[in-house]
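# Structural overview for review
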Amino acid sequence: MNQTSMTFYMDNRLKSEWLRTFGDTLEPARVTASYGRAWRVVSAKGEMQADLTGRFRHNALTPSDFPVTGDYVGLKFSEDQTLALIDGLIERRSALIRKAAGTAFVEQVVAANFDYVLIAMPVEANMRLNTIERYLSAAWDSGGVPVILLTKRDLCPEWETVVSDLKVRLHGVDIVAISALQGEGLEALSPWLYPGCTLALIGASGVGKSSLVNALTHQATMKVNEVRSGDGKGRHTTTHRELIQLPGGAYLLDTPGMREFGLWRTEGSGLENTFEEIEVLAEHCRFKDCRHIDEPGCAVLKAIASHQLDQRVLDHYLKLQREAKYIESKTDPQVRNEIRNKWKTIHKQLRQDPYLTRKK
Ligand SMILES: Nc1nc2c(ncn2[C@@H]2O[C@H](COP(=O)(O)OP(=O)(O)OP(=O)(O)O)[C@@H](O)[C@H]2O)c(=O)[nH]1
Ligand SMILES: [Zn+2]
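Since the model is a prediction, treat every value here as computed from it, not as a measurement. (Residues numbered from 1 in each chain as written. Chains lettered and ligands numbered in written order. Predicted model: local features only at pLDDT ≥ 70, side-chain atom pairs only at ≥ 80, totals over all residues.)

## Examining the sheet that holds strand S2 (residues 39-43)
- With mixed pairing, five strands are arranged side by side around a closed barrel as S1-S2-S3-S5-S4. Shown here is a sheet whose adjacent strand axes are inclined to one another by a mean of 55°, direction ignored.
- With five bridges connecting them, strand S1 (residues 27-34) and S2 associate as antiparallel partners. Residue pairing in the sheet places Ala29 in a bridge with Ser43 of S2. (Pairing = 2+ DSSP bridges. Helix = DSSP H or I, 4+ residues; strand = E, 2+ residues; numbered from the N terminus. Axes fitted to C-alpha atoms, helices over the stretch in contact; angles between N-to-C directions.)

Dropping the structure here:
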């Protein structure tokens, strides 16, 4: 359990938005944990459990209308002052949204109102750019600014080379390498640990997120995961608080939903924007449904043979396309369009990556 005290903070922009939305009728608070039907909030009065007012519940039409961890909310109190009730929600300035496919298309917000997205992954001699790109585009989509957090640098002797290499490839994205175990490199995170700054921490299971939180809070706030063999349970190591205040006043968001982030589908269609070159070439393939794998008369393969196109670009394209097909079959056209538009922005960044740039 987390023993540190928690304080409520709103910057000036938020304060004025708050006043515009609620005036002085409600008590400002922020959600520190969400349990589905109950919430934990912090306000100037301290931390407490909260329910929803009937009015709020009635007005909430979709799952994303309900409060999530990180949300700024307006509280009312029961007549005897013992119960806090959420009566309103400030519009989210950023959100990690999980798009779950089912009979109806459901959007699930898993965390809100962060400034930065810390993308955690172990540093390795051969970093997989595809994975990094997927995380980066999800981060940009969320409204937060991505920071790549390379973990376990004690296990990778060449970590410094990897970092400088990535800095060139991922032009303009901040990259930090740490070892939570040895307490190394943590000071490099200080530019983001200023009072009121909220960081969303994402990354696959086992990359060292809990260890980082522990190292930053200097205490066992989170249980480091010992994967239980057999039943696969005991995976959620997050204690009841999902918004953690760090010494120095920054906040860290770490919710169970975010922990599954590595499994999310964050992009769908729209690859044709990212890989324009291939699409243009493909128009000259003999077969309209050419897969550019081994078909005769394939203009894409011809371009590779003549070194006009890099094989790795095609591999990357085919891989993403296989993945995109899956979600495409499950999402509706309107959503596909949205995803496509987002990709248009992302594609600009990707094109600055030498890895994805066409040879000459
Ligand atoms: N060598 C080394 N091992 C680390 C480091 N950080 C974490 N680990 C180990 O990696 C394993 C997973 O660490 P966690 O912090 O539980 O990873 P997590 O990302 O929180 O995992 P989930 O809770 O499953 O999402 C543990 O055995 C840690 O001891 C590090 O900097 N160096
Ligand atoms: Zn082809």
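## Describing helix H3 (residues 129-142)
- Under the 1.5 Å per step criterion, the end-to-end length of H3 is 20 Å for 14 residues, consistent within 8% with the ideal 20 Å.
- When H3 is considered as a whole, its buried residues turn out to be Ile132, Glu133, Tyr135, Leu136, Ser137, Ala138, Ala139, Asp141 and Ser142.
- Positioned one or two residues after H3, Gly143 has a phi angle of 100°, which is positive. (Expected span 1.5 Å × (residues − 1). Buried ≥ 20, exposed ≤ 12 C-beta atoms within 10 Å, placed from the backbone.)

## Thoughts on the nonpolar core
- Among the nonpolar cores identified, the biggest contains 66 residues, and Leu118, Ile119, Leu199 and Ala200 are the most heavily contacted of them.
- When residues in this core are grouped by element, the largest group, six residues, is from strand S8 (residues 116-122).
- Structurally, this core is a two-domain feature, drawing no fewer than three residues from each of domain 1 (12-91) and domain 2 (98-102 + 110-263).
- Filtering out sequence-adjacent residues up to four positions away, Leu118 remains in contact with Val147, Leu149, Leu199, Ala200, Leu201 and Ile202.
- Counting residues in hydrophobic clusters, the runner-up holds twelve residues, among them Ala299, Leu309, Val313 and Leu314. (Core = buried A, V, L, I, M, F, W, Y, C linked by C-beta atoms within 7 Å. Domains from an automatic or database assignment. Contact = placed C-beta atoms within 7 Å.)

## Topic: the sheet that holds S8
- On the basis of which strands lie adjacent, the open sheet formed by six strands has the order S10-S9-S8-S11-S13-S12 and mixed pairing. Among the strands making up the open sheet, the edge pair consists of strand S10 (174-177) and strand S12 (243-245). Along the sheet, successive strands turn relative to each other by an average axial angle of 25°, direction set aside.
- Pairing between strand S11 (residues 198-202) and strand S13 (residues 251-253): three bridges, direction parallel. Each bridged residue has a counterpart across the sheet, and for Leu199 the counterpart in S13 is Leu252.

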